[in-house]
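Letter by letter, the chains look like this.
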Amino acid sequence: MKWILVTGVLLSSSVLADARSFETPEVRCLNDHTLPFISSKIPAKKVVDDAYVQCTPELDEWMSLQQSLPDEMKQSMRTQLYEFYIGMVEKRRSYEARKSIEAAH
């Protein structure tokens, strides 16, 4: 019983130590090039557009893996990912602004 507990703790700590290991290369790259700019005044669309330029190799690789999918599905996935990142930056900024206002009161 003790070994099960120890094994569980060790496995849990190794997962927590490298939480980013579950990110795909394109998501890791996009996160690296968008998250640091959340607190900036740069428009969210520009942040994401710049990230897409920086992550071109990773995004090209991801798109090459989708070649067998129908064109409509590929376009939809690309659009949704792009819109997700713009929305994520905007939502996070909104949250941070609300949090600052609440802290001031």
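Please read these numbers as outputs of a predicted model, since none were measured by experiment.

Topic: the state of the cysteines
The full count for this structure, using the stated rule, is one disulfide. Between the sulfur atoms of Cys29 and its disulfide mate Cys55 the distance is 2.1 Å. Between Cys29 and Cys55, the S-S dihedral sits near -95°, and the bridge is therefore left-handed. In this pair, Cys29 sits in helix α2 (residues 25-34) while Cys55 sits in the loop between α3 (44-54) and α4 (56-64), placing the two residues 26 residues apart along the sequence. Just as Cys29 is buried, Cys55 falls in that class too.

Some remarks on the pattern of salt bridges
All told, the structure shown has six salt bridges when counted by the stated rule. The partner of Arg92 in a salt bridge is Glu96, with the nearest N and O atoms 2.7 Å apart. In this pair, Arg92 and Glu96 both sit in helix α5 (residues 71-104), four residues apart, roughly one turn of the helix. Accessibility expressed as a relative area gives 26% for Glu96, which makes it partly exposed. When salt bridges with common partners are traced through the structure, they connect Arg92, Glu96 and Lys99 into a single cluster.

Some thoughts on the environment of Asp50
Position of Asp50 among the secondary structure elements: in helix α3. What makes Asp50 partly exposed here is its relative accessible area of 37%. A sequence separation of 17 residues divides Asp50 from His33, and the C-alpha atoms of the two residues are 7.8 Å apart.

A word on the nonpolar core
The biggest cluster of nonpolar side chains holds 15 residues, and the ones touching the most others in it are Leu30, Tyr52, Leu59, Leu81 and Tyr85. Those elements giving two or more residues to this core turn out to be α2, α3, α4 and α5. Those residues within four positions of Tyr52 in sequence are excluded, and the remaining contacts are Leu30, Leu59, Arg78, Leu81 and Tyr82.

Notes on the packing of aromatic side chains
A full pass over the atoms with the stated rule returns two aromatic pairs. Ring geometry for Tyr52 and Tyr82: centres 5.4 Å apart, planes at 80°, overall edge-to-face. Of this pair, Tyr52 sits in helix α3 while Tyr82 sits in helix α5, placing them 30 residues apart in sequence. Consider the rings of Phe84 and Tyr85, whose centres lie 5.2 Å apart with planes at 90°: the pair is edge-to-face.

Considerations on the side chain of Gln66
Summarising the element assignment, Gln66 is placed in the loop between α4 and α5. Excluding anything up to four places from it in sequence, Gln66 contacts Lys74, Met77 and Arg78.

Points about the confidence of the model for the protein
For the protein, per-residue confidence averages 84 on the pLDDT scale, and 80% of positions sit at 70 or higher. Model confidence for the protein, summarised as mean pLDDT per element, is weakest for helix α1 (residues 2-17) at 46 and strongest for α3 at 97. Confidence drops under pLDDT 50 across residues 1-17; counting only partners more than four residues distant or on other chains, this segment forms one contact.

Parameters and conventions
Residues numbered from 1 in each chain as written. Predicted model: local features only at pLDDT ≥ 70, side-chain atom pairs only at ≥ 80, totals over all residues. Heavy atoms only, no water. Disulfide = S-S within 2.5 Å. Helix = DSSP H or I, 4+ residues; strand = E, 2+ residues; numbered from the N terminus. Buried < 20%, exposed > 50% of the residue type's maximum accessible area, 1.4 Å probe, protein only. Salt bridge = Lys/Arg side-chain N within 4 Å of Asp/Glu carboxyl O. Core = buried A, V, L, I, M, F, W, Y, C linked by side-chain atoms within 4.5 Å. Contact = heavy atoms within 4.5 Å. Phe/Tyr/Trp six-rings, centres within 6.5 Å; stacked < 30°, edge-to-face > 60°. pLDDT = per-residue confidence, 0-100.

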